[in-house]
Amino acid sequence: MSRFLWGSFVVACAVGTQAATLENLRCEYLVNPLGIGEREPRLSWTMKADANARGAAQTGYRILVASSPEKLARDEADVWDSGRVRSAKSVQIVYKGRPLVARERCFWKVRAWTEDGKETAWSASSYWSLGLLHAADWQAEWLRVEEHTAEDDAAMPPMPKLTVVSAVYGSDDNQHKVDATEKVRRLVEANGGVLKVQASNELFGDPFVGGGKRLEVVYEVNGKRNEARATEGLFVSAPEQEQDNLAPPVKRLQTPRYLRREFVSAAPPVRATLHATALGLYELRLNGARVGDALLAPQWTAYDKRVQVQTYDVTPLVRPGTNALAAVLGNGWYCGRVQCWPPEICLYGTEPRLKAQLELEFADGKRQTVATDDAWLGSVDGPLRFSGIYEGETYDARKEMDGWDVPGFKPDAARWHPALIDRAVVNKTGDLVWQRGEPIRVTQELTPVAVNEPKPGVYVFDFGQNMVGWARLKVQGEVGQTVELFFNEMLNPDGTVYRENLHAGKMGKEQSQTVRYTLRGGGVETYEPHFTYMGFRYAEVTGLKARPDASLLTGRVFHTAFAQTGRFACSDPQLSRLAQNIQWSQRGNMMGI
């Protein structure tokens, strides 16, 4: 008996002294982030000790940062070696190496010392990269695709135009002043021809330190010249009666845009990095492949204050020879309908725009940049006919442009036109900043638990769970056949899907949570939306020629891709279900948070 107890004690001691390991390395709370905007990023890790260990704790650490994974593997810390630091801290460790520059890549690892003085092994390596830190790092322009409709003609008859003749910003005594004419002209153009400009050092620079400043603008309307002025902090504007007849920008949901350009890469790049953003929402494609897996990028922000930039490593997608870079643009929150009370349309702008910059690095040290410029073509005549962030989408597969996102595509001159550079929009948008949070991603799929037919030809799919996302459609039918899907969270007494809550009060009578898909015909077709999302448990489907089975739809759950860090379950099923409901509510309400 004593021998058995002694043996057990020896085994327990051996288990208890197993070395701790370091894992979950993060930079700015993200795993291997690309394109960050912090020159002194914060690093963190977790220490994992054996389950039988008692009192395990970190007492020190050492961080190595290198310019390549090869140097890091040899412990050559040519960027930063923290040395041994006596500290139990393992979060928000601020980088204190040499100054970092735009586009730089850093590879790092860490080891620690435990409470018994033992040294852990080095962690697995991790990395981060810096993005474009200054405006001068960008060669890309904002691109727009013009859409002209009969609705525009009706809404915008020929009207007088306000013309800025001159503008001066300076000291009250006129001894120190700068010419602000071009700046004010751009601001008026960006504001739809309306003169309302703040007199501020932020816009025009400080012509004189100390003392008061003012902005003076001379303008013409209908050939009549007038002058307006304002002191620092106030707004220069024309009298309302002069601006009442000026043409306001048309506010309506725009047709989704398609953009493309081709470029030649002389050799396979050793690294290809794509920086992109949009006013609206975007999806990028490179040589026919989707770039990244983020949805609803660049997510909702106050676009007049900041616009988030995403960075992608697209090295595997670029090939020697001719390549094609393409994009689809939707309205999103920027120029779509925002759920205010009542809803607001075009809260930040009236049409979507794209800004993207692809940077190629080659083995011989040469670099090549492909950016949004006047070499791009745009179209509003693609298969995606309508898109609203809350309204849903309309897609006509008969209008698909085979090969539009691969090299060698021959654009139809009737459908494709040169994209337009829009430099004026920068006066109404905030700074370009890196995206600090996780992207929105699909995190799980749900299969319908039941399919019912409450009325002839009306099929209701029950996913068994309130979710936020959309449904992927897999259907076969005749050319021109349109299938309509409506999504919501409750049923009417007759078994159809309830709709009234989406139009209650001041919510308006516009389409909500509805997808319309027109078939191309000729085989099985698969479609899922691009620039919308819905909250639902049920999907009501019409337009089918025969009763479907559950495989027609697949629920795609998406949200900010935070990691689940815990679970709760107990002997009370209702309490366990309550905990699950809380998690589903978190998923559904964390969209870009």
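Residues numbered from 1 in each chain as written. Predicted model: local features only at pLDDT ≥ 70, side-chain atom pairs only at ≥ 80, totals over all residues. Heavy atoms only, no water.

Let's talk about the sheet that holds strand 4 (residues 80-81)
Thought 1: Judged by pairing direction, the sheet is antiparallel, and its four strands sit side by side in the order 4-3-6-7 without closing on themselves. Either end of the sheet is taken by a strand with one partner, and the two such strands are strand 4 and strand 7 (126-129).
Thought 2: The sheet contact formed by strand 6 (residues 105-114) and strand 7 spans four bridges and is antiparallel. By the bridge assignment for strand 7, Arg105 is matched with Ser129. (Pairing = 2+ DSSP bridges. Helix = DSSP H or I, 4+ residues; strand = E, 2+ residues; numbered from the N terminus.)

Topic: the side chain of Arg415
Thought 1: In this structure, Arg415 sits in the loop between strand 27 (392-396) and strand 28 (417-418).
Thought 2: A distance of 2.9 Å separates a polar atom in the side chain of Arg415 from the backbone oxygen of Lys399.
Thought 3: Setting aside its immediate chain neighbours within four residues, Arg415 contacts Gly378, Ser379, Val380, Asp381, Gly382, Lys399 and Met401. (Polar contact = N/O pair within 3.5 Å; in protein donor to acceptor, adjacent residues only side chain to side chain. Contact = heavy atoms within 4.5 Å.)

Digging into unusual backbone geometry
Thought 1: A cis amide bond links Ala297 to the next residue, Pro298, at an omega of 10 degrees.
Thought 2: As for its placement among the helices and strands, Pro298 is situated in the loop between strand 18 (289-290) and strand 19 (306-313).
Thought 3: A positive phi angle, close to 75 degrees, is found at Gln299, a residue other than glycine.
Thought 4: By the secondary structure assignment, Gln299 is in the loop between strand 18 and strand 19.

Some remarks on the pairing of strand 37 (residues 534-542)
Thought 1: Counting buried residues along strand 37, seven of its nine residues qualify, which places the element largely inside the surrounding structure.
Thought 2: In the sheet, strand 33 (residues 458-476) pairs with strand 37 via seven bridges, with the strands oriented antiparallel. Looking across to strand 37, one finds that Met467 is bridged to Phe536.
Thought 3: Note that strand 34 (residues 482-488) and strand 37 share five bridges and pair antiparallel. Counterpart to Phe487 in the pairing with strand 37 is Ala539. (Buried < 20%, exposed > 50% of the residue type's maximum accessible area, 1.4 Å probe, protein only.)

Some remarks on a nonpolar patch on the surface
Thought 1: A cluster of nonpolar side chains, Phe568, Leu575, Leu578 and Ile582, forms an exposed patch at the surface whose accessible area comes to about 380 Å².
Thought 2: Counting through the fold element by element, Leu578 comes out in helix 7 (residues 573-589).
Thought 3: A relative accessible area of 47% means that Leu578 is categorised as partly exposed. (Patch = residues over 30% accessible without salt bridge, like charges linked within 9 Å, V, L, I, M, F, W, Y side chains within 5 Å. Areas by Shrake-Rupley, 256 points an atom, 1.4 Å probe, with all protein chains shown as cover. Salt bridge = Lys/Arg side-chain N within 4 Å of Asp/Glu carboxyl O.)

Overview of the sheet that holds strand 5 (residues 93-94)
Thought 1: Across the sheet, which stays open at both edges, the three strands sit in the order 1-2-5 with antiparallel pairing between neighbours. Looking at strand neighbours, the two that pair on one side only are strand 1 (21-27) and strand 5, the edges of this open sheet.

Brief notes about the side chain of Ser44
Thought 1: Here Ser44 is to be found in strand 2 (residues 42-48).
Thought 2: Since its relative accessible area comes to 10%, Ser44 is described here as buried.
Thought 3: Among residues more than four places away in sequence, those in contact with Ser44 are Asn24, Leu25, Arg26, Ser90, Val91, Gln92 and Trp108.

Structural measurements only, silent on function.
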